[in-house]
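Single-letter residue listing:
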Amino acid sequence: MLPTHGLRTHIWNTGLRSVLLLAGFPVLLALITWSVALLFAAAEAVDFQQGLRNSISLLPAAIPVALLISAIWFAIAWFSNQWIIDMISGARPVTRDQEPALWNMTEELAISRGMRMPRLAVIETEARNAFASGLTRDKGAVTVTRGLMQALGPRELRAVVAHELTHIRNGDARLGVVAAVFAGVITTVGEVMWRGMRLGRLRRLPRGTGGGDGKSRGGAMLLVMLALGIAALAWVLSIVLRMALSRNREYLADAGAVEMTADPDAMAGALRKLVGQEAMEGLPGQMRALLLHDGANSLGPAWFATHPPIEKRIEALQRYAGARDLPERELREMGAPAPDATVIMRPEAPSTAAPHSPASSPPAIPWWRIRPGPPGPG
């Protein structure tokens, strides 16, 4: 890691940490595949050493199968991701006429980074939260709750929108799906192995040429215990890696919001207004990882939390981005215009008389309302 001296090196280090965490999932997939190979080898093992050699010889055939299963799982998640999120969350897409302030704010920030205007949606709930979704930059979506829009001032809401746009720019929803698929495959295989062991199906060992002598049975049981131990380790580490990746992306999105708005006080102020918020009801754990903050999954053991504690996120903004510890009075006045220095650094709002940028403005029919046509030939 590079020495961290400011916002830019903080972003670099956080991004590098995400890459390293993501690289751990293929390693865990190989481990869980080896554990399955150990079970197959145990069924025909003459002794422990022979079983180990047999399990390793099975890996060249087993790993492609594991990758194929992961690819199928990923394809299903890719094509159904946004539909599932909308159905579970109750998000309602909005237009410029319905939410002009939110739309103009988002379009301004998108233009400043050359992004396509994301789909905007609102959830009618008093909870204060937001999340980004969409697996590509061109089809990103930003969803905010009514409670968040009512609780935050314009500067704070702008910072939150920038936070979610940073998630889209960084491909965090896509990374989340990749991590969820790997973790799902590992968890499913581990559960099948454990249930098989409980049902006694793995106790009928050995069944091969080794006969039923004590040496072969002892070696087979050692192979089974090793397989279950590796599967348990892969399962725990997959959860730890996934949660660490989620926490890391939140730090990165906070920093990206400051870089986009040049207003660290607003991002810190928005986070302060999330303190004490309870978890949004009815959302599964995988979706709560997308939220701006989750009151349930930021508590408990740090290694198993999807979000860093708000205090640590604010501390990072103060250390690396220059956010101030503002008194309560100034926090209440956060809706006032930003200081002059911040206003100068903001991009100008698009003129209503000039044509919209094709890279950021939606087409005449928004992309999320265009129905897919029939598939082409071939």
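Everything discussed here concerns the structure shown above.
Colleague: Can you walk me through the packing of aromatic side chains in this structure?
Modeller: Each pair of aromatic rings is reported with the distance of its centres and the angle of its planes. A complete count under the given rule lists 1 aromatic pair for this structure. Here the aromatic rings of Phe 25 and Phe 182 are separated by 6.0 Å at their centres, their planes lie at 15 degrees, and the arrangement is stacked. With Phe 25 in helix 1 (residues 7–43) and Phe 182 in helix 6 (residues 172–198), this pair connects stretches of sequence that are 157 residues apart. Assigned by exposure class, Phe 25 and Phe 182 land together as buried.

Colleague: Explain unusual backbone geometry to me, please; I cannot follow it from the model alone.
Modeller: Most of the time, phi is negative for any residue but glycine, and the peptide bond is trans. Despite not being glycine, Ala 262 shows a phi value in the positive range, around 55 degrees. A relative accessible area of 17% places Ala 262 in the buried class.

Colleague: Honestly, a nonpolar patch on the surface in this entry has me stumped. Any pointers?
Modeller: Together, Trp 83, Ile 84, Met 87 and Ile 88 make up an exposed nonpolar region whose accessible area comes to about 400 Å². Its place among the elements puts Met 87 in helix 2 (residues 48–89). Taking relative accessible area as the criterion, Met 87 reaches 51% and is therefore assigned exposed.

Colleague: What am I meant to see in the pattern of salt bridges here?
Modeller: Pairing is possible between side chains of opposite charge, provided their charged atoms come close. Counted according to the given criterion, the structure contains 13 salt bridges. For Arg 146, the salt bridge identified is with Glu 124, shortest N-O distance 2.8 Å. With Arg 146 in helix 4 (residues 146–151) and Glu 124 in the loop between strand 2 (119–123) and strand 3 (130–133), the pair connects residues that are 22 residues apart, well separated along the chain. For Asp 172, the salt bridge identified is with Arg 249, shortest N-O distance 2.5 Å. Of this pair, Asp 172 sits in helix 6 while Arg 249 sits in helix 7 (residues 214–261); the two residues are 77 residues apart in sequence, bridging distant segments of the chain. Look at Arg 249 and you get buried, because its relative accessible area is 9%. In the salt-bridge network here, residues are joined through shared partners; they are Arg 92, Glu 99, Glu 124 and Arg 146.

Colleague: How should the environment of Met 117 be read in this particular structure?
Modeller: Within the fold, Met 117 resides in the loop between helix 3 (100–112) and strand 2. Here Met 117 falls in the buried class, since its relative accessible area comes to 1%. Remark: the alpha-carbon pair of Met 117 and Asp 138, spanning 21 residues in sequence, is separated by 8.1 Å.

Quick notes on the rules
Residues numbered from 1 in each chain as written. Predicted model: local features only at pLDDT ≥ 70, side-chain atom pairs only at ≥ 80, totals over all residues. Heavy atoms only, no water. Phe/Tyr/Trp six-rings, centres within 6.5 Å; stacked < 30°, edge-to-face > 60°. Helix = DSSP H or I, 4+ residues; strand = E, 2+ residues; numbered from the N terminus. Buried < 20%, exposed > 50% of the residue type's maximum accessible area, 1.4 Å probe, protein only. Patch = residues over 30% accessible without salt bridge, like charges linked within 9 Å, V, L, I, M, F, W, Y side chains within 5 Å. Areas by Shrake-Rupley, 256 points an atom, 1.4 Å probe, with all protein chains shown as cover. Salt bridge = Lys/Arg side-chain N within 4 Å of Asp/Glu carboxyl O.

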